[in-house]
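# Reading the structure
What follows is the residue order along each chain.
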Amino acid sequence: MSKRRIEGQVVDHPHFVEAEDPANPGWRSWSLSDPTRFNTLLGPMLYRVDGHTVRVRITPEHRHSNLQNNVHGGALLAFIDVALFAAARGFGLITAGTAVTLDLNTQFIGGGRVGEPIEAQVEVLKETGRLLFLRGLVVQGDDEAKIAAFSATIRKPSPKPPKG
């Protein structure tokens, strides 16, 4: 995928747009360039690299809630899945488009509150030629209350065959 800088944003054409987030110093916004794709249902997403961890953040809204007014488990799973790719990008391990989740194991620990940021804290356990092994926690609040723990494997994009 080609990268292009437009007014301070990095655009991986045709899929992703990322930029420094002026409202959150040290954080980068990350979104799909096509607002009709599934990922946009999660709302605005931010990420930042902190040493060996990438922190990925969204603020769940009412549309992400279950009947108990907690963050719906399906919304958490979707967030975790997308956070894996935001983290892999943050670490510079993938660019855009064709990487896939091979497995995602999740343990729900507590309920997430709507209207307050939740954060996936993702670390890479191992990288091979084709695979990324990751794990992390979803936390919320100043006390980083644990909402979920997860581990996953991503298959990196296949190299394009040579033209000929």
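Residues numbered from 1 in each chain as written. Predicted model: local features only at pLDDT ≥ 70, side-chain atom pairs only at ≥ 80, totals over all residues. Heavy atoms only, no water.

### A closer look at the overall build of the protein chain
Per the secondary structure count, the protein chain includes one helix and 10 strands. Traced from its N-terminal end to its C-terminal end, the protein chain shows the element sequence β-β-β-β-β-β-α-β-β-β-β. The buried share of the protein chain, taken over its 164 residues, is 37%. A fraction of 53% describes how many contacts in the protein chain between residues 6 or more apart in sequence connect residues 24 or more apart. Element-wise, carbon and sulfur atoms account for 53% of the exposed surface of the protein chain, whose accessible area totals about 9,200 Å². (Helix = DSSP H or I, 4+ residues; strand = E, 2+ residues; numbered from the N terminus. Buried < 20%, exposed > 50% of the residue type's maximum accessible area, 1.4 Å probe, protein only. Contact = heavy atoms within 4.5 Å. Areas by Shrake-Rupley, 256 points an atom, 1.4 Å probe, with all protein chains shown as cover.)

### Considerations on the pairing of strand β10 (residues 145-155)
By the bridge criterion, eight bridges tie strand β7 (residues 100-108) to β10 in an arrangement that is antiparallel. Bridge pairing links L104 to A152 in β10. Here strand β9 (residues 131-140) runs beside β10; their pairing, made up of 10 bridges, is antiparallel. Considered in β10, the bridge of L134 is made with A152. Counted along the chain from β9 to the antiparallel partner β10, the turn is four residues long, and its residue G141 has a positive phi close to 85°. (Pairing = 2+ DSSP bridges.)

### A short note on the pattern of salt bridges
Should the charged atoms of two oppositely charged side chains come close, the side chains can pair. Counted according to the given criterion, the structure contains nine salt bridges. Close ionic contact of R63 with E61 constitutes a salt bridge, the shortest N to O distance being 2.9 Å. Here the salt bridges do not stand alone but share partners, grouping R48, D50, R55, R57 and E119 into one network. (Salt bridge = Lys/Arg side-chain N within 4 Å of Asp/Glu carboxyl O.)

### Points about helix α1 (residues 73-90)
The periodicity of an α-helix, 3.6 residues per turn, causes residues three or four places apart in sequence to face the same way. With 18 residues, α1 ought to run about 26 Å at 1.5 Å a step, and its terminal C-alpha atoms sit 25 Å apart, in line with that. The buried count for α1 comes to 13 of 18 residues, which makes it a mostly enclosed element. G92 occupies a position one or two residues after α1 and carries a positive phi of about 75°. (Expected span 1.5 Å × (residues − 1).)

### Section: the environment of E127
Inspection of the secondary structure assignment puts E127 in strand β8 (residues 118-127). Here the alpha-carbon distance between E127 and K156, two residues 29 residues apart in the chain, equals 9.7 Å. One polar contact links E127 to K156, side chain to side chain, over a distance of 2.7 Å. (Polar contact = N/O pair within 3.5 Å; in protein donor to acceptor, adjacent residues only side chain to side chain.)

### A word on unusual backbone geometry
For residues besides glycine, phi is generally negative; the peptide bonds are generally trans as well. Of note in this structure, N69 is not a glycine but carries a positive phi near 60°. With respect to the helices, strands and loops of the structure, N69 is situated in the loop between β6 (53-58) and α1.

### Brief notes about the confidence of the model for the protein chain
The predicted model of the protein chain has a mean per-residue pLDDT of 86, with 84% of residues at 70 or higher. Of all the helices and strands in the protein chain, strand β1 (residues 3-6) carries the lowest mean pLDDT, 43, while β9 carries the highest, 98. Per-residue pLDDT stays below 50 along residues 1-13; that stretch engages in 32 contacts with residues further than four places along the chain or on separate chains. (pLDDT = per-residue confidence, 0-100.)

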